[in-house]
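What follows is the residue order along each chain.
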Amino acid sequence: MRISRINSSQQASSINNKKNTQVQFSGWQQLKSKCLGVFDLDNSLMHGTNEEIKRIIETVSQRNGIKVYATGNTLEQVLSKQKKLASEGIDLPTPDYLISNNGQYIYENIEGFLVKDVQYESMLKSKTNFESKKVFELMKTLANAPKYSFNNQEYNKLTLLGNFESIKASDPDFYKSKITHYLWSPSNFMSEYIIAPGVKIKGFQRAIKKELENIGIKTKFIENLYPAKIVDKCPESIKLQSHSLRCNKDGGITAMFLCPADKADGVEYLKRKLNVAYKEILMAGDDDNDISMAKLAKKGAHFVAVNNSSNRLQIACLNVKTKLGTIFISQYEGAKGIIEGMTKAINN
C-alpha cells in the first residue's frame, strides 16, 4: 500500500465551537505492500457501534493491513473492556499487535493470544535503565522540597478539609506536597503523578530529568488533563489525592507520567520490525497521550484526530509542521471520525 499526496490544503472549519482544521490529507491506495492501522481505544475506536468498528477493521484488512491498538490501558484492562463490549453485543477483535501502557509494552497476537514482546521490553530497559521504584524515590525527595510543598496557608486549608485524615492516610509520602504519586496502571515502566495548579511543569520536568540522568536513568514525560467526570470514576484513593488544593478549577486534574517510552516509540518499533514505511502508517486518537503519534506526521505517517479530541491534541495537530498531507481532524467523534478520516484518505 502506498499513500499519495493531496496538493491542495483543506479549508479550516469550526466544529463544536473548537478551532478544528481539516489539514492536507493524502490518499491511501491499495497496493501489495504492508500498512499499519493504529488506533487508540477509549473514546476513539471503542466509541462507536459494532458496524462502525467492523468497517474500520475490515478496511485495514482489505489493504493488506496490520491492526494495532495503542492505548494507555494495561493488557488486563483491554481484555476486560473487550469482554464488557462483547456483553453489549459489540465485537472488538483482538488486534495483531497491542501497544499498552502508553507505549511501555507491546503484545503480539499469536494464535489468538496476546503475548508480550520481550525484545521490545529489553530494548527499552537497555536504552533507558528505567525503574519505577528508583524514579519514585527521587520524585518523593523532589516533591517534598520547599518549592513544591504547600505553604503554611495552603497546608492549614488542607488540614481543615473534613477528610484530611483520610487524605493523609492515602498519601503518606506526598500529602504535604503539590505533587503526588498515584497508581492507576502500575508497572515497572511507569510512574504516575498528579500536579497541582501553579506548579511550573516544564521547570519541574527539567529538574527531574537532570536528577535521573545523574543516576543513569532516561525518561519521557506524558501529560494528560483528566476532566472531573473521569476523576469521579477513579478509585477512592485517587479521589482523595485529587483534593481541592490539587485539582484544577473545573474539578479535573493534571496528570504526568514518567516512562521510558510513549505510543510513538511503540509504533516506530513495529515499523522497523514489520518493515513498513511511514507513508503506509495510519493512526487515530483523541487524547493528550496520542500527541506523540500525531508528531509522526512530520515523518510522513498519517494521523486522524477524532472530533472529540482534547484541545491539546488538536493544537498539536495544527502545529505539526508538514507539507506531506498527513494530518486530518475529523468532523465526527470516535469510530465514526476514524471512518471519515480513512475514507478521506482512500478517496484521495
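The present account deals with the structure reproduced in this document. (Residues numbered from 1 in each chain as written. Predicted model: local features only at pLDDT ≥ 70, side-chain atom pairs only at ≥ 80, totals over all residues. Heavy atoms only, no water.)

Take Thr-128: it is sitting in helix 4 (residues 118-128). Here Leu-124 takes part through its backbone oxygen, which lies 2.7 Å from a polar atom of the side chain of Thr-128. When sequence neighbours within four positions are dropped, the list of residues in contact with Thr-128 reads Gly-216, Ile-217, Lys-218 and Pro-260. (Helix = DSSP H or I, 4+ residues; strand = E, 2+ residues; numbered from the N terminus. Polar contact = N/O pair within 3.5 Å; in protein donor to acceptor, adjacent residues only side chain to side chain. Contact = heavy atoms within 4.5 Å.)

A few words on the pairing of strand 8 (residues 179-187). Here strand 8 runs beside strand 9 (residues 190-195); their pairing, made up of five bridges, is antiparallel. Note that in strand 9 the partner of Ile-179 across the bridge is Ile-195. (Pairing = 2+ DSSP bridges.)

Counted at 1.5 Å a residue, the expected span for helix 8 (residues 201-214) with its 14 residues is 20 Å, and the 20 Å between its end C-alpha atoms agrees. In this structure, the buried side of helix 8 is in contact with helix 5 (132-143), strand 8, strand 9, strand 10 (220-226) and strand 11 (253-259). Once helix 8 ends, the next one or two residues include Gly-216, with phi positive near 80 degrees. (Expected span 1.5 Å × (residues − 1).)

Another point: the packing of aromatic side chains. Taken as a whole and assessed by the stated rule, the structure comprises seven aromatic pairs. With centroids separated by 5.7 Å and ring planes inclined at 65 degrees, the aromatic side chains of Phe-136 and Phe-174 adopt a geometry described as edge-to-face. With Phe-136 in helix 5 and Phe-174 in the loop between helix 7 (164-170) and strand 8, this residue pair connects regions lying 38 residues apart in the sequence. When sorted by exposure, Phe-136 lands in the same class as Phe-174, which is buried. What links up through ring pairs into an aromatic cluster is the set Phe-136, Phe-174 and Tyr-193. Directly above the ring of Tyr-278 sits Lys-271, whose terminal nitrogen or CZ lies 4.5 Å from the centroid. (Phe/Tyr/Trp six-rings, centres within 6.5 Å; stacked < 30°, edge-to-face > 60°. Buried < 20%, exposed > 50% of the residue type's maximum accessible area, 1.4 Å probe, protein only. Lys NZ or Arg CZ within 6 Å of the ring centre and 35° of its normal.)

By themselves these figures say nothing about function.
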